[in-house]
Amino acid sequence: MAETLEQSGDLLQALCHECGEPLAGKFCSRCGAKNRPPLRPLHHWLTDLGRQVAVLDIRLLRTLPRLFSSPGRLTAEYVAGRRLAYTSPIRLYVAASAVVLAAMNLLGISDIETMLAGAAEENVAALEEALEAVADPHDPLFQARFNRSLDTTFPILNLLSPLAIMALLKLLYWRRYLQEHLAFGCHYGTFLVVVTLLPLLMTGTARSIAMVGVTIALLVYLVVAMRRVYGGGWAGLIARFVALVLGLLAFILVEGMLALTIALVAAVP
């Protein structure tokens, strides 16, 4: 990062602050840190911050269109080593999840009252019967505790989704590197969390129709992305696709049940 000075004969030798390597240019030859002072005037720091924000914005402008319009293209670019032009897969997924979860909380989509309103009558009756001995699901205090616990639990569990996709893909394509599968999981996970938010913004028949459309889009996107990234014949691809979908459905079911269970246990006084 910055430099210190060491006496070497009659000369002062600049040293890297990070590793102590003698410097001969703008960057350290050992660790790659930039040769600059650790404390600088405010306008220099603001200039660097502006550059970083601009680079991030430019990367997002390149990343998002390809993510949504070209399934698997970002992962293929990542595997080929072309990464500087795009937002990293992990950062993209974490940022998208944070934005979607914030939108859900802002709109009250994750509140238990909204869940009860959108659930089938038999499901509501089963929940009330299960909780009647310990709590009332319509009690405002219970709802507040449930919402607070779910807001904490679900984001943590949601971060495991790319890891679940990575593990499933490793079983299906065991000769490929884990890093490839993780990049695929982050890219597909980003598409999934953003697209599945859309039906939740609707109500009634429109939501049901949107859910069908989103489900078809998710399946088509997945098979096209797998074809682009992993290749192979269609017979093997379809078999792996079915196995991956079944594995994802099982993971989502377990994840949802675990999040709700933790939230309900935390909400019960």
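Note that the coordinates shown come from a computational prediction; the quantities given were computed from them, not determined experimentally.

Criteria and cut-off values
- Residues numbered from 1 in each chain as written.
- Predicted model: local features only at pLDDT ≥ 70, side-chain atom pairs only at ≥ 80, totals over all residues.
- Heavy atoms only, no water.
- Core = buried A, V, L, I, M, F, W, Y, C linked by side-chain atoms within 4.5 Å.
- Buried < 20%, exposed > 50% of the residue type's maximum accessible area, 1.4 Å probe, protein only.
- Helix = DSSP H or I, 4+ residues; strand = E, 2+ residues; numbered from the N terminus.
- Contact = heavy atoms within 4.5 Å.
- Patch = residues over 30% accessible without salt bridge, like charges linked within 9 Å, V, L, I, M, F, W, Y side chains within 5 Å.
- Areas by Shrake-Rupley, 256 points an atom, 1.4 Å probe, with all protein chains shown as cover.
- Salt bridge = Lys/Arg side-chain N within 4 Å of Asp/Glu carboxyl O.
- Axes fitted to C-alpha atoms, helices over the stretch in contact; angles between N-to-C directions.
- Parallel < 35°, antiparallel > 145°, perpendicular 65-115°, else oblique.
- Left-handed = near helix turned anticlockwise from the far one by under 90°.
- Nonpolar A, V, L, I, M, F, W, Y, C, P; charged D, E, K, R; others polar.

This paragraph deals with the nonpolar core. Ranked by size, the top nonpolar core spans 26 residues in total, and within it Phe-184, Tyr-188, Leu-222 and Met-226 carry the most contacts. For this core, the secondary structure elements donating two or more residues are helix H7 (161-172), helix H8 (178-195), helix H10 (204-230) and helix H11 (234-267). It is H10 that contributes the most residues to this core, 9 residues altogether. Not counting residues within four places of it along the chain, the set of residues in contact with Phe-184 comprises Thr-75, Ile-165, Leu-169, Leu-222, Ala-225, Met-226, Val-229 and Tyr-230. Residues Met-104, Cys-186, Val-193 and Leu-197 belong to the second largest nonpolar core, which totals 8 residues.

Taken together, the side chains of Leu-106, Leu-107, Leu-198, Leu-201 and Met-202 make up a nonpolar region of the molecular surface, amounting to roughly 520 Å² of accessible area. Among the secondary structure elements, Met-202 is positioned in the loop between helix H9 (197-200) and H10. The exposure class of Met-202 is partly exposed, given its relative accessible area of 34%.

One can find Thr-63 in helix H1 (residues 42-69). A relative accessible area of 0% means that Thr-63 is categorised as buried. Taking the C-alpha atoms as reference, Thr-63 lies 8.8 Å from Leu-92; in sequence the two are 29 residues apart. What Thr-63 contacts, discounting residues up to four positions off in sequence, is Leu-74, Tyr-86, Thr-87 and Leu-92.

Moving on, we get to the side chain of Ser-161. Structurally, Ser-161 can be placed in helix H7. If sequence neighbours within four positions are ignored, Ser-161 has contacts with Tyr-93, Phe-251 and Glu-255.

Further remarks concern the packing of H8 against H10. Remark: H8 packs on H10, axes separated minimally by 11 Å, with the N-to-C direction vectors making an angle of 160°. Relative to H10, the element H8 is oriented roughly antiparallel. For the element pair H8 and H10, the recorded crossing hand is right-handed. Residues Glu-180, His-181, Phe-184, Tyr-188, Phe-191, Leu-192 and Val-195 of H8 form the contact with H10, whose own contacting residues are Val-214, Ala-217, Leu-218, Tyr-221, Leu-222, Ala-225, Met-226, Val-229 and Tyr-230. Of the residues belonging to the contact of H8 with H10, the class tally is 14 nonpolar, 1 polar and 1 charged.

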